Amino acid sequence: MHWRELAKLCQPKASARFAIAHAEHGFTANVPLAALEDENALIVYEADGAPLTPDHGYPVRLFIPTKYFWKSAKWLRGIELSALDKPGFWERLGYSNDADFWKEERYSF
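All values derive from a computational prediction rather than experimental measurement. (Residues numbered from 1 in each chain as written. Predicted model: local features only at pLDDT ≥ 70, side-chain atom pairs only at ≥ 80, totals over all residues. Heavy atoms only, no water.)

### Quick look at the overall build of the chain
- Broken down by element type, the chain carries three helices and seven strands.
- Ordering the α and β elements of the chain from the N terminus gives α-β-β-α-β-β-β-β-β-α.
- Taking 109 residues into account, the globule formula puts the C-alpha radius of gyration at 13 Å, and the chain, at 13 Å, falls close to it.
- Structurally, the chain occupies a C-alpha span of about 40 × 35 × 30 Å along its principal axes.
- When the 109 residues of the chain are sorted by exposure, 36% land in the buried category.
- Partitioning the intrachain contacts of the chain with sequence separation of at least 6 by distance along the chain shows that 55% fall at a separation of at least 24.
- Element-wise, carbon and sulfur atoms account for 58% of the exposed surface of the chain, whose accessible area totals about 6,800 Å². (Helix = DSSP H or I, 4+ residues; strand = E, 2+ residues; numbered from the N terminus. Rg over C-alpha atoms; globule rule 2.2 N^0.38 Å. Buried < 20%, exposed > 50% of the residue type's maximum accessible area, 1.4 Å probe, protein only. Contact = heavy atoms within 4.5 Å. Areas by Shrake-Rupley, 256 points an atom, 1.4 Å probe, with all protein chains shown as cover.)

In structure tokens form, the structure reads like this:
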């Protein structure tokens, strides 16, 4: 499912600029809302016509192909929209906040 389908239901405020994915065990991943709106970004609940397996993020996971995969949170429990960026789990431990793999942005140091 693409974000635009969920956006129709939740009607984000115009001030929303970032999405913070909340997953199991307090894990979070943050992306600019524009990354979630990308045509190839998805909210995934099945693969090859079958529900995701736990190893692949059951029940729901993000898929943000323009970012390194730590931004594609598994075991998704909710998406928070915010006017402010809130660094996620890995970003607080030194990983790049932008995570652009074309620029090889793995670490923030």
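### Looking at the sheet that holds strand β1 (residues 18-23)
- Read from one edge to the other, the open sheet built from three strands follows the order β2-β1-β7, with strand pairing classed as antiparallel. This sheet does not close on itself; its edge strands, each paired only once, are β2 (28-32) and β7 (76-82). The average angle at which neighbouring strand axes cross in this sheet is 20°, direction not considered.
- Pairing analysis gives six bridges linking β1 to β7, with the strands arranged antiparallel. (Pairing = 2+ DSSP bridges. Axes fitted to C-alpha atoms, helices over the stretch in contact; angles between N-to-C directions.)

### Some thoughts on the pairing of β2
- Across the five residues of β2, four count as buried, placing the element largely inside the fold.
- Note that β1 and β2 share five bridges and pair antiparallel. From the neighbouring strand, I20 faces β2, where its bridge partner is N30.

### Focus: the nonpolar core
- In terms of nonpolar packing, the biggest core is built from 18 residues, with W3, A21, L33, L36, L62, I64 and A73 touching the most fellow members.
- When contributions to this core are tallied by element, the ones reaching two or more residues are α1 (3-10), β1, β2 and α2 (33-37). (Core = buried A, V, L, I, M, F, W, Y, C linked by side-chain atoms within 4.5 Å.)

### Topic: the pairing of β1
- With respect to burial, β1 is a largely interior element, five of its six residues being buried.
- Between β1 and β2, which pair antiparallel and follow one another directly, the connecting turn spans four residues, one of which, H25, has a positive phi of 60°.

### A closer look at the environment of L36
- When you line up the elements, L36 lands in helix α2.
- Sequence separation between L36 and P65 is 29 residues, and the spatial gap between their C-alpha atoms is 9.7 Å.
- Aside from chain neighbours lying at most four places away, what touches L36 is H2, W3, A19, A41, L62, I64 and I79.

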